Amino acid sequence: MLELNYIRSQKEEVLRGLKIRNYTEEDLAIVDNILSLDEARRSTQTELDNNLAESNKLSKAIGGLFKEGKREEAEAMKGQVTVLKAVAKDLEAKNKKAIEQMEELLLAVPNIPHQSVPPGTSSDDNEVYRAWEHPLPELSDQAKPHWELAKEYNIFDLELGVKITGAGFPVFRGQGARLERALINFFLDEASKAGYEEIIPPLMVNEDAARATGQLPDKEGQMYHVEKENFYLIPTAEVPITNIYRDVIVNEKDFPIKLTGYTPCFRREAGSYGAHVRGLNRVHQFDKVEIVQIAHPDSSYEQLNGMLDHVAALLDKLKLPYRILRLCGGDMGFTSALTFDFEVWSAAQKRWLEVSSVSNFQTYQSNRMKVRFKDENKKTRLAHTLNGSALALARIVAALLENNQTADGINIPAVLHRYTGFEKIEK
RNA sequence: GGAGAGGUGGCCGAGUGGUCGAAGGCGCACGCCUGGAAAGCGUGUAUACUCCACAAGGGUAUCGAGGGUUCGAAUCCCUCUCUCUCCGCCA
């Protein structure tokens with residue numbers, strides 16, 4: 001969530017940002033509501049503090065009197081404290097309520113978009129930040145979408161997944177499973193080479209962790225919930241990995257902290273069916289290698305660019321046509337300040353598939369999570385958090401299968417050969 | 001799942017009703033010392049909120065979390081939670 005101080009001191013910037021997110025004049029009232037609750041809260045706080053200071057002073061005096069044996073004087077003072085205590089109790093309740101109301105509103109305010117975020121209301125308004133400069137691959141009329149190829153070559157089986165679990169849980173097998181594992185290893189190795197520390201995190205997180213990265217409360221319905229233990233299956237490795245630094249004051253010289261991890265991701269994604277979600281386009285369980293950074297506020301955008309280059313290099317090596325979009329205010333995630341999406345061209349479906357989303361959250365996550373550092377003036381400040389997929393597997397597999405199909409098999413990109421142990425998927 | 005023990009600052013560890021935000025040690029930072037270092041010596045070293053100019057300097061809260069008793073709680077009571085040990089089960 002946004003820092004209260006920021007809203008207080010940069011109100012105009014907050015309003016500008018919310019307008020980019022298509023807030024109406026009416027919606028914008030939330031900002032003033034927060035500020036007036038904050039003002040009320042502070043004045044109550046001051047009143048309460050003064051009250052408690054007085055009580056503390058009296059209590060100490062009573063202690064002193066008892067020691068000196070002045071019992072009667074001490075007894076007489078007790079009454080005064082009792083009166084103060086009653087007032088304090090009211091003030092405390094009032095204060096608590098103001099804080100709760102304010103937090104509730106604060107949680108409802110999204111991150112303020114970076115200056116470069118274009119206005120817009122939907123994905124149609126996203127800006128093409130880097131287009132694909134070369135011709136897109138043309139496939140023959142016999143070209144098949146990946147779900148047909150999967151059947152033909154026995155690469156993965158969604159119906160089998162239905163039998164074992166339910167819709168959206170693919171079963172990879174044979175060369176398909178090998179390809180999946182090859183991609184995971186390739187992505188992890190590339191991340192390690194780029195200086196990211198590899199993490200294998202828990203696949204379930206508790207409520208605190210889910211709240212810290214912003215999945216709770218706004219995305220509760222998207223996560224699988226283990227009732228008995230009150231755990232959530234992770235929708236992305238971002239959650240457990242970023243939480244490593246929750247409530248941590250990091251050493252400034254350790255910036256940027258770069259972490260990577262492979263995990264399966266679980267998403268309920270209820271409600272959407274049809275051609276666009278066929279095959280691996282949208283599933284409840286998929287594999288992903290995530291990259292996460294904790295960065296100094298002064299260099300976080302530089303780091304963001306580095307992450308873009310990293311993801312672009314992966315796609316180059318896989319020889320997949322892709323483009324990069326700068327998301328508009330209407331399409332950007334709630335917690336992000338700036339997001340770039342990578343889309344890969346799926347030649348048989350003839351459409352772009354989102355395979356990566358790289359974002360800078362600035363202090364929006366770190367404020368909730370309390371990831372801090374001491375700056376040169378020994379002042380405690382919030383760090384910036386960033387993350388991106390590098391990459392999401394299911395759709396990469398879809399694109400690889402489709403784009404590389406030939407009459408007698410599916411070619412595997414050269415860079416993966418040492419991981420797969422084969423160069424072609426054959427019948 | 002059963003039985004027991006325990007959660008104090010970055011870490012270890014004292015503290016069982018009053019001047020305790022908390023002894024001592026370690027660690028860390030800075031300074032002195034040194035050719036340089038170690039050792040030694042000295043100083044400093046939690047977080048959040050708040051008053052104020054986000055300075056100096058005050059105030060408040062926090063000893064796992066929440067509630068209670070009391071003029072006063074790290075210390076007493078209740079609830080929850082987590083960790084450890086032993087037994088059981090088990091990859």
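Everything discussed here concerns the structure shown above.
Q: What is the right way to read the pairing of strand E12 (residues 338-346) from this model?
A: Residues in a regular strand project their side chains so that they alternate between the two faces of the sheet. Among the nine residues in E12, nine count as buried, and that is most of the element. Alternating residues of E12 divide into Leu-338, Phe-340, Phe-342, Val-344 and Ser-346 and Thr-339, Asp-341, Glu-343 and Trp-345, and every residue in both groups is buried. Both strand E11 (residues 322-326) and E12 contribute to a ladder of five bridges, which runs antiparallel. Across the sheet, residue Ile-324 finds its bridge partner in E12, namely Phe-342. For E12 and strand E13 (residues 351-362), the ladder comprises nine bridges, and the chain directions are antiparallel. Note that in E13 the partner of Phe-340 across the bridge is Val-358. Here E12 folds back onto E13, and the loop between the two strands holds four residues, one of which, Lys-350, carries a positive phi near 55°.

Q: Teacher, can you tell me more about the side chain of Thr-242 here?
A: Secondary-structure assignment places Thr-242 in helix H9 (residues 238-242). The contact partners of Thr-242, leaving out residues within four places of it in the chain, are Thr-213, Ala-237, Val-292, Ile-294, Gln-365, Met-369 and Thr-385.

Q: Just to check I follow, could you spell out the pattern of salt bridges for this structure?
A: A side chain with one charge may pair with a side chain of the opposite charge, provided their charged atoms come close. Enumeration according to the criterion identifies 18 salt bridges in this entry. Linking Glu-127 and Arg-326 is a salt bridge whose minimum nitrogen-to-oxygen distance equals 3.2 Å. Linking Glu-127 in strand E1 (residues 127-130) with Arg-326 in strand E11, this pair joins segments that are 199 residues apart in sequence. Note that Lys-288 and Glu-290 form a salt bridge whose closest N and O atoms lie 2.6 Å from each other. The exposure class assigned to Lys-288 is buried, which follows from its relative accessible area of 4%. With relative accessibility at 3%, the residue Glu-290 sits in the buried group. Linked by salt bridges that have partners in common, Arg-8, Asp-38, Arg-41 and Arg-42 make up one network.

Q: Looking at this model, I keep getting lost on the environment of Asp-331. Mind explaining?
A: Residue placement: Asp-331 occurs in the loop between E11 and E12. Distance from Asp-331 to Asp-125, taken between C-alpha atoms, is 8.2 Å for residues 206 residues apart in sequence. In this structure, Asp-331 is in contact with Ser-122, Ser-123 and Asn-126, ignoring residues within four places of it in sequence. A distance of 2.9 Å separates a polar atom in the side chain of Asp-331 from a polar atom in the side chain of Asn-126.

Q: Which parts of the structure should I look at to understand the pairing of strand E14 (residues 371-374)?
A: With burial as the criterion, only one face of E14 is covered, namely that bearing Val-371 and Phe-373; the residues Arg-372 and Lys-374 on the opposite face remain uncovered. Judged from the three bridges that link them, strand E8 (residues 248-250) and E14 form a sheet pairing that is parallel. Looking at the pairing, Ile-249 lines up with Arg-372 of E14. Where E14 and strand E15 (residues 380-382) come together, three bridges link them in antiparallel fashion.

Rules used throughout
Residues numbered from 1 in each chain as written. Chains lettered and ligands numbered in written order. Predicted model: local features only at pLDDT ≥ 70, side-chain atom pairs only at ≥ 80, totals over all residues. Heavy atoms only, no water. Buried < 20%, exposed > 50% of the residue type's maximum accessible area, 1.4 Å probe, protein only. Helix = DSSP H or I, 4+ residues; strand = E, 2+ residues; numbered from the N terminus. Pairing = 2+ DSSP bridges. Contact = heavy atoms within 4.5 Å. Salt bridge = Lys/Arg side-chain N within 4 Å of Asp/Glu carboxyl O. Polar contact = N/O pair within 3.5 Å; in protein donor to acceptor, adjacent residues only side chain to side chain.

Shape descriptors only; they carry no functional weight alone.
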